[in-house]
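One letter stands for each residue in the lines below.
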Amino acid sequence: MTKVVHKFGGSSLSSAERYQAVAQIVLSHCRAGDCVVVSAAGKTTNTLVKLWESYQQDDSQGFSDILLQVENHQAELIRALFESQQQHTLLEQLDLELQRITSHAKQDTLHEATLLAHGELWSARLLACYLSQLGFAAEHVDARNLFTLHHGQLLHQQNKQACMERLKDTSLYVVTGFIASDVEKNTVTLGRNGSDYSATLLASYIDADAVSIWTDTQGVFSTDPRKVANAIKYPKVCRAQAHLLARLGNPVLHAKTLSPLKHSKIKLQVRSSFDVESPPTEIVKEGYSKAKRFITTFEDLDLVRVDAIAPGEVGQLSQIIQHSIHHFSAQGETFILVPAQSTHRVLKALSGRANIVESALQGFAVVAPSANIAQLQAQAAQLLHEQNIVVRFNHKDNEYALFLTDQAIDSDVLAILHDKLVNKGRELAVVIAGLGNVGEVFVNQCQRQVAHLQQQFDVKVVALLRSKKMLFSANGISLSAWQQQWQNESVDYNNEDLIERIGELDYEHKVVIDITASEEFSKLYPQLVKQDCHLISANKYAGTAESTWYQQLREQLNERSLHWRYNTSVGAGLPINFALADLQHSGDKVTQIEGVFSGTLSWLCSSFDGSKPFSSLVLEAKDMGYTEPDPREDLSGRDMQRKLLILARDIGLTLDLADIELEPLMPDDLAQGSWDEFLARKGELDSFYEHLYQQGITQDKVLRYTGSLQVFASGKAKAKVGIAYVDKSSAIANLTPGDNIFVIKSVWYEDNPLVLQGPGAGKEVTAAGVHSDLYWLVQRLK
Ligand code: ADP
Ligand code: ASP
Ligand code: MG
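Sequence positions are assigned chain by chain, starting from 1 and proceeding in written order. Chains and ligands are labelled sequentially in the order written, the chains with letters from A and the ligands with numbers from 1. Given that this is a predicted model, residues contribute local features only at a pLDDT of at least 70 and side-chain atom pairs are listed and counted only at 80 or more, while totals for whole chains, interfaces and linings are drawn from all residues. With hydrogens and water stripped out, all remaining heavy atoms of the structure feed into the side-chain values.

**Points about the packing of aromatic side chains**
Here's step 1: Any pair of Phe, Tyr and Trp rings, taking the six-membered ring for Trp, is counted once the centres come within 6.5 Å. Such a pair is stacked with planes under 30 degrees apart, edge-to-face with planes over 60 apart, and tilted for the rest. Applying the stated criterion to the full structure yields 20 aromatic pairs.
Here's step 2: Judged by centre distance (5.6 Å) and plane angle (15°), the ring pair of Phe8 and Trp214 falls under stacked. Here Phe8 is found in strand β1 (residues 4–8), whereas its partner Trp214 is found in strand β9 (residues 210–215), with 206 residues between them in sequence. With respect to burial, Phe8 and Trp214 carry one shared label: buried.
Here's step 3: Taking the centre distance of 6.4 Å and the plane angle of 55° together, the rings of Tyr55 and Phe63 count as tilted. In this structure, Tyr55 and Phe63 share a single accessibility class: buried.
Here's step 4: By way of ring pairs, the aromatic residues Tyr525, Tyr550, Trp564 and Tyr566 are connected into one cluster.
Here's step 5: Charge-over-ring contacts are defined here by two conditions on Lys NZ or Arg CZ: a distance within 6 Å of the ring centre and an angle within 35 degrees of the ring normal. Taking the ring centre of Phe578 as reference, the NZ or CZ of Arg565 above it sits at 4.6 Å.
Here's step 6: Across the ring face of Trp776, the terminal group of Arg565 is positioned such that the distance to the ring centre comes to 3.8 Å. Secondary structure follows DSSP: runs of H or I at least 4 residues long count as helices, runs of E at least 2 residues long count as strands, and numbering of each begins at the N terminus. Exposure classes here rest on a 1.4 Å probe applied to the protein chains alone. A residue is buried below 20% of its type maximum, exposed above 50%, and partly exposed in between.

**What to know about a negative patch on the surface**
Here's step 1: Together, Asp58, Asp59, Asp65 and Asp108 make up a negatively charged patch on the protein surface.
Here's step 2: The residue Asp108 is located in the loop between α4 (84–106) and α5 (112–133) in this model.
Here's step 3: Overall, Asp108 belongs to the exposed group, its relative accessible area being 56%. A residue counts toward a patch only above 30% relative accessible area and without a salt bridge, and it is joined to like-charged neighbours within 9 Å or, for Val, Leu, Ile, Met, Phe, Trp and Tyr, to nonpolar neighbours within 5 Å. Only the protein chains shown count as covering a residue, and every accessible area follows the Shrake-Rupley method with a 1.4 Å probe. Salt bridges are identified by distance alone: a Lys or Arg side-chain nitrogen within 4 Å of an Asp or Glu carboxyl oxygen. Neither His nor the chain termini are counted; the positive set is Lys and Arg, and the negative set is Asp and Glu. Here the site of a charge means atom NZ of a Lys, CZ of an Arg, CG of an Asp or CD of a Glu.

**Section: the state of the cysteines**
Here's step 1: Disulfides are defined in this document as cysteine sulfur pairs within 2.5 Å. All told, the structure shown has zero disulfides when counted by the stated rule.
Here's step 2: Among the cysteines around Cys35, which has no disulfide bond, Cys163 carries the closest sulfur, lying 7.8 Å off.
Here's step 3: No disulfide involves Cys446; its nearest neighbouring cysteine sulfur is the one of Cys533, lying 16 Å away.
Here's step 4: On the basis of relative accessible area, Cys446 is assigned to the buried category, the value being 1%.

**Quick look at the sheet that holds strand β15 (residues 333–339)**
Here's step 1: Overall, antiparallel pairing links the six strands, which are arranged β14-β15-β13-β16-β18-β17 in an open sheet. This sheet does not close on itself; its edge strands, each paired only once, are β14 (326–330) and β17 (391–396). Each strand axis lies, on average, 35° off the axis of its neighbour in the sheet, ignoring direction.
Here's step 2: As judged from the five bridges shared by β14 and β15, these two strands associate in the antiparallel manner. The residue bridging Phe328 from the neighbouring strand is Phe335, located in β15.
Here's step 3: Each of β13 (294–306) and β16 (354–367) is contacted by helix α12 (residues 411–422), which is oriented at about 105° to β13, the strand it contacts most. Here a strand pair is declared whenever DSSP counts at least two bridges between the two strands. Whenever a helix is involved, its axis is fitted only over the stretch in contact; in every case the axis is a line through C-alpha atoms, and angles between N-to-C directions fall within 0 to 180 degrees. In what follows, residue pairs with any heavy atoms lying within 4.5 Å of each other are defined as contacts.

**Brief notes about the site of ligand 2**
Here's step 1: When we say a residue is near a molecule or strand, we mean one of its heavy atoms is within 4 Å of it. In the vicinity of ligand 2, the contacting residues are Ser39, Ala40, Thr45, Glu120, Phe178, Arg192, Asn193, Gly194 and Ser195.
Here's step 2: Interatomic distance of 2.6 Å between a side-chain N/O atom of Glu120 and a nitrogen atom of ligand 2.
Here's step 3: Under this definition, polar contacts are N or O atom pairs within 3.5 Å; protein pairs additionally need one hydrogen-donor-capable and one acceptor-capable atom, and for neighbouring residues in sequence, both atoms have to be side-chain atoms. Within the backbone of Gly194, a nitrogen or oxygen atom sits 3.3 Å from an oxygen atom of ligand 2.
Here's step 4: With the chains in place, 90% of the 260 Å² that ligand 2 exposes on its own is no longer accessible.
Here's step 5: Residues are grouped as follows: Ala, Val, Leu, Ile, Met, Phe, Trp, Tyr, Cys and Pro are nonpolar; Asp, Glu, Lys and Arg are charged; all remaining types, including Gly, are polar. For the shell around ligand 2, the per-class residue count stands at two nonpolar, five polar and two charged.

**Quick word on helix α6 (residues 156–166)**
Here's step 1: Taken together, the buried positions of α6 are Asn159, Ala162 and Cys163. Axial view of α6: buried residues confined to an arc of 100°, hence all on one face. Turned more than 90 degrees off the buried face of α6, the exposed positions are Gln157, Gln161 and Glu165.
Here's step 2: Buried residues in α6 make contact with β4 (148–150), β5 (153–154) and α7 (195–205). Think of it as the arc spanned by the lines of direction from the helix axis to the C-beta atoms.

**Regarding the UniProt feature "domain: Homoserine dehydrogenase catalytic" (unreviewed entry) in the protein**
Here's step 1: UniProt positions are given in the numbering used here, feature names are shortened, and annotations may be inferred rather than shown by experiment. Mapped onto this structure's residue numbering, the UniProt feature "domain: Homoserine dehydrogenase catalytic" (unreviewed entry) falls at residues 576–774.
Here's step 2: Helix makes up 41% of residues 576–774 and strand 23%, and the two end C-alpha atoms of the span are 16 Å apart.

**Focus: the site of ligand 1**
Here's step 1: If you check the shell around ligand 1, you find 19 residues, and the closest are Thr215, Asp216, Phe221, Asp224 and Arg226.
Here's step 2: Residue Asn250 places a side-chain N or O atom 2.9 Å away from a nitrogen atom belonging to ligand 1.
Here's step 3: In the complex, 89% of the free accessible area of ligand 1, which totals 570 Å², lies under the protein chains.
Here's step 4: Here the residues of the shell around ligand 1 sort into six nonpolar, nine polar and four charged.

**Focus: the environment of Phe393**
Here's step 1: When you line up the elements, Phe393 lands in strand β17.
Here's step 2: Taking relative accessible area as the criterion, Phe393 reaches 14% and is therefore assigned buried.
Here's step 3: On a C-alpha basis, the gap between Phe393 and Cys163 in space is 46 Å, while along the polypeptide they are 230 residues apart.
Here's step 4: With near-sequence residues (within four places) excluded, Phe393 lies in contact with Leu303, Phe328, Phe335, Leu402, Phe403 and Leu404.

Right, here's the structure in full:
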């Protein structure tokens, strides 16, 4: 049974309505044995911090005002959530606790962490009671009985045992985030935003499978989405970058959140409690997502230089001030960035070993792939200069560039920085493989189409490949003069070079469009996916490859949230794959697909009327270029068999080519031998076809060459490509010669099937179909 730890932050519990929404999430996502870690409701911890400050400043009026504020907030939640008896009990409990706080304050025995702990204790109690009121077995658990620290270090073994003993599979546990105790049973905290850390710690202690951090944004964005509307939500962020953001003080995750997950398989995701349907951001291990660009801002910091800092000392300082402290070395010296209101405490703790270099700083850091840092630092400096913002200090290392300024980075400036430094990364690099018939038309259509797409996304064609030569230009190939550039700059092609160069591309997204007629090229797909390339295929090789290989490719794509489009592999530009995907996604179930998916066979069968032998039609078609170089390839039906396999896989069936019965449109023994031998025996083909044709007339039906796939209620399927006799009035019988037709039956389209019909070949429509796949991809990436 999978176990999940869900964490709801203060932002998810800011009002009675939010508690109710969280309870609904718990009801639909949790079961007995799962844990829910909660933070203090809304801004309660901030208020408690203020309460503590007024206590320290002996400001008794301030103290009682703030305490009243705390009381009103809690009482309001209790009144809105609970029925009379329970309401009464909870209000009484609250009252007692507040009285105790007041008397401790009066006796001068108030203790900071114990005071702050109330926020989480209240949330856990309210949520557990509210869930119980809804009939869901839930208990609130005080994490001070689970997590013990000694000299700031967690006692993992002891804690694990405490968790195992306290948390069984009988109930849902609502556990307080943020707080723990020391060996003397004094309350300690894990630092501001520490509930994220509580959740991952707990997950590691109870061997959970996953942690969901529910917050008020839909995941981790390129910058604070509350400040910049264009912030990009990332489906995946690697652990190292998430950790760095946290160390830089970004609130979306606490700095230590990731440490308990090291060496574990526990999955971590960040998702929205306000928009449950929205897909989460997954925080993944290195190698499962490429480094992204982020901007995170700072407010009111002091830059402090420290003589020398012992390992673990920054952690201890963070503990003292309840806030993360970023530290770094520059020009041989150690610096720390401290929230200004806590600097005096830090200086005191460092007793004479530190001095303030700059105070009251604002600023931001750009986090990006190391290869981009130097360039981004220069660009950011230029942008700040243009905005008249004075830089008081800057620093860069491998993973980020830091700017400390004298002016706040407000939303407008942040939006500009984001647009130029991060959104810039919203580029799609397009690699086009295969410049044959369709490929060349595609590239020529690209000029207009790319200009159109560029209004939404920075799309650049960076490579054109033929089997022996390639043109690669990381900054983009000029589409109006690519032939010229090809003449001058193309180099010998080989697979290794291609993969390496694709790996070096610094684009947010990449797509390889395979318009080749090369099965060998399709074998590169797994390597291309490893380089984070989306795929668009215009041929059928990979789509009909042996099912283990195919499934692995699909899984690999899924793991990396990459897309694979291949709409033109069946029916050229006809939107058959779109139609099938649409039906599936909207809850329908396809039960049958029947049709003619070969332009050649469509033309041959529909044109034959007995007035001339079948073989002369075949030769005519060959002369018009409607067939493969050897038309027996068409007559074999193998092409339709492959297409039917693609359609079958599209509706979720796990079939292989061999599972599709194949009956060629010629006598078996004509398949062998040379073309001349075939010509010499073409009479055999004619009598074969004439015989079939006459059978149709006898049955008052029409001979067609069709593919058909039937899916039974059991989930089993029957698939066949071969000769069929269809009713004279049917759509298949009345097909325009050369057209393709797909007749789809589903639960919704049962008696009156959905029919898609039109040209299923031709370089223009195929190239246009590839553009449609590219357009689809761009919409997805936006
Ligand atoms: P919680 O109360 O759930 O712990 P926090 O307020 O601590 O939530 O953190 C979530 C907030 O982080 C968001 O409301 C958002 O304003 C802020 N934030 C800053 N940078 C980012 C980012 N890159 N991605 C997502 N949220 C961010
Ligand atoms: N309530 C604590 C804070 O506001 C802990 C947390 O929210 O994670 O910092
Ligand atoms: Mg938080």
